[in-house]
Amino acid sequence: MICKRRYDGYRTDNDPADPYKTGPQDASRSALANACGTSARPTGRDIAVSIQVSKVGLPLDNKLLASLPRGDFARLIPHLSSIALQQGAVLIEAGDEVDYVYFPHYGMLSLLAVLRDGKAIETATVGREGVVGAMAGLGLYKSLVRVVVQMPTAASKIAATHFRTVVATSDPVSSFAIRYNEVLLSQARITAACNALHSIEARFCRWLLQCADRAASTTVPLTQEFLAEMLGVRRTSVTEVASKVQNAGAITYSRGVIRIIDRAALTRMSCECYETLVEQSATLS
Ligand SMILES: [Zn+2]
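Once a new chain begins, its residue numbering starts again from 1 and follows that chain's sequence as written. With the structure being a predicted model, the display of local features is reserved for residues of pLDDT at least 70 and the display and counting of side-chain atom pairs for 80 or more, all residues being used for whole-chain, interface and lining totals.

(A) Representation of helix α6 (residues 200-215) within the structure. Helix numbers and strand numbers start at the N terminus; a helix is a DSSP run of H or I with at least 4 residues, a strand a run of E with at least 2. In a helix, the anticipated span is given by 1.5 Å times the number of residues less one. With 16 residues, α6 should cover 22 Å at 1.5 Å per step; its first-to-last C-alpha distance of 22 Å lies within 8% of that length. The burial label depends on the number of other C-beta atoms within 10 Å of a residue's C-beta. Counts of 20 or more mean buried, 12 or fewer mean exposed, and intermediate counts mean partly exposed, with C-beta atoms placed from the backbone. Where burial is concerned, most of α6 is hidden: 12 out of the 16 residues are buried. Here α6 has its buried residues at Arg 203, Phe 204, Cys 205, Arg 206, Trp 207, Leu 208, Leu 209, Gln 210, Cys 211, Ala 212, Arg 214 and Ala 215. With its phi angle positive at about 50°, Ala 216 sits one or two positions after the end of α6.

Encoded structure:
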């Protein structure tokens, strides 16, 4: 067994009703704890797990959780459980009560504005730098957006009731909930302008760059149906644009997988919004 850091208190969700449940069973965790020792961890970053045990990553893979002081992180961790999220799953429906707050370890979640006729368009994306549903900790009980798993993702989740309790007693947790909401609002503003004023081709390239950043990879598993919905365009438009960007040598596209082969070219074909999103996220985070 490989023990990189000590397992200490992080639990995985064994709720049989949870379709996304995953993670080590009690016996595995116990064995891991024994193998790794039981001394107190010196910092939050020492909470950990064997790479053999966790394919879903760790809470501290999420940058917001990793940024917390040890004491504040310790208040959250008894309530955190890990989940693997399948691509395409709807995590939270617009108008529904927010039951859980999600901290992605990797992958990407999309926040969609949903119209009465069922059409939806992406307003923001969230990866391991962020959190979904955090405003539930400050009294926003119903989601204003639909949250969709854009690419295979793993996350820590915490019941909104528990999160509310922690927010009430932790300034750092309360602060990141407010701060990250500003990041999402900023994304929504830029995305609205981008959707209204920039070409489909530029938006397509901007969106691919965002996805690649979230995936930390040059390979992005996305179908054209997904892309069409995220960009608010017809599938035929996505086909045309994907062909054009492919012909320009920036990507290859085959069987639902996009590979970025020339990021510089893709960046040149993107609008300014990609860089603006990166800069504003860095400023506000
Ligand atoms: Zn744009």
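(B) The sheet that holds strand β6 (residues 219-221), seen in detail. Ordered by their spatial adjacency, 3 strands build an open sheet running β6-β8-β7, and the pairing between neighbours is antiparallel. On the outer flanks of this sheet lie β6 and β7 (251-254), each paired with one strand and no other. Pairwise comparison of adjacent strand axes, ignoring direction, gives a mean angle of 15° for this sheet. Should DSSP find at least two bridges between two strands, the strands are taken to pair. Where β6 lies against strand β8 (residues 257-260), 3 bridges are found, and the strand directions are antiparallel. Its bridge partner lying in β8, Pro 221 is registered against Val 257. Whether two residues are in contact is decided by their C-beta atoms, placed from the backbone, lying within 7 Å. As a rule, the C-alpha atoms of each element are fitted with a line to give its axis, helices using only the stretch in contact, and angles between N-to-C directions run from 0 to 180 degrees. Strand contacts of α6: β6, β7 and β8, with the helix running at about 100° to β6, the strand carrying the most contacts.

(C) Region of interest: the nonpolar core. As used throughout, a nonpolar core is a set of buried Ala, Val, Leu, Ile, Met, Phe, Trp, Tyr and Cys residues joined through C-beta atoms within 7 Å of each other. In this structure, Val 101, Leu 208 and Cys 211 are the most contacted members of the largest nonpolar core, which totals 75 residues. All domain edges in this entry derive from an automatic or database-based domain assignment. Counting contributing residues, this core receives three or more from each of domain 1 (58-192) and domain 2 (198-284). When sequence neighbours within four positions are dropped, the list of residues in contact with Leu 208 reads Val 220, Ile 251, Ile 258, Ile 260 and Leu 266.

(D) Molecular detail of the packing of helix α7 (residues 224-231) against helix α8 (residues 235-247). Running from N to C, α7 and α8 point in directions that differ by 105°, and their axes come no closer than 8 Å. Taken together, the axes of α7 and α8 lie roughly perpendicular to each other. Listed contacts from α8 to Gln 224, Glu 225, Leu 227 and Ala 228 of α7 are Arg 235, Val 238 and Thr 239. Note that Gly is not counted as nonpolar here; it falls among the polar residues with everything else outside the nonpolar set of Ala, Val, Leu, Ile, Met, Phe, Trp, Tyr, Cys and Pro and the charged set of Asp, Glu, Lys and Arg. Broken down by class, the residue content of the contact of α7 with α8 amounts to 3 nonpolar, 2 polar and 2 charged. If an angle is under 35 degrees, it is roughly parallel; if it is over 145, roughly antiparallel; if it lies from 65 to 115, roughly perpendicular; otherwise it is oblique.

(E) Examining α8 more closely. Its 13 residues give α8 an end-to-end C-alpha distance of 18 Å, which sits within 8% of 18 Å, the value for a rise of 1.5 Å per residue. Here α8 has its buried residues at Val 238, Val 241, Ala 242 and Val 245. Take α8 and look down its axis: the buried residues cluster within an arc of 105°, on one side only. Turned more than 90 degrees from where α8 packs its buried face, Thr 236, Ser 243 and Asn 247 sit exposed. Considering only its buried residues, α8 is in contact with α6, α7, β7 and α9 (263-269). Following α8 by one or two positions, Gly 249 has its phi on the positive side, about 85°. To obtain the arc, one takes the directions from the helix axis to the C-beta atoms.

(F) Structural detail: the pairing of strand β1 (residues 81-85). Of all 5 residues in β1, 4 are buried; the element is thus mostly enclosed. Of the strand pairs in this sheet, β1 and strand β5 (residues 146-159) are connected by 5 bridges, and their pairing is antiparallel. Looking at β5, one finds that Ala 84 is bridged to Ala 154.

(G) Structural context of unusual backbone geometry. Residue Ala 216 is not a glycine yet carries a positive backbone phi of 50°. Within the secondary structure, Ala 216 is located in the loop between α6 and β6. Residue classification places Ala 216 among the exposed residues on the basis of 10 C-beta atoms within 10 Å.

(H) Expanded view of the environment of Cys 271. The residue Cys 271 is located in the loop between α9 and α10 (273-284) in this model. Cys 271 sits in the partly exposed class, given 18 other C-beta atoms within 10 Å. Distance in space between the C-alpha atoms of Cys 271 and Cys 194 is 8.1 Å, their sequence separation being 77 residues.

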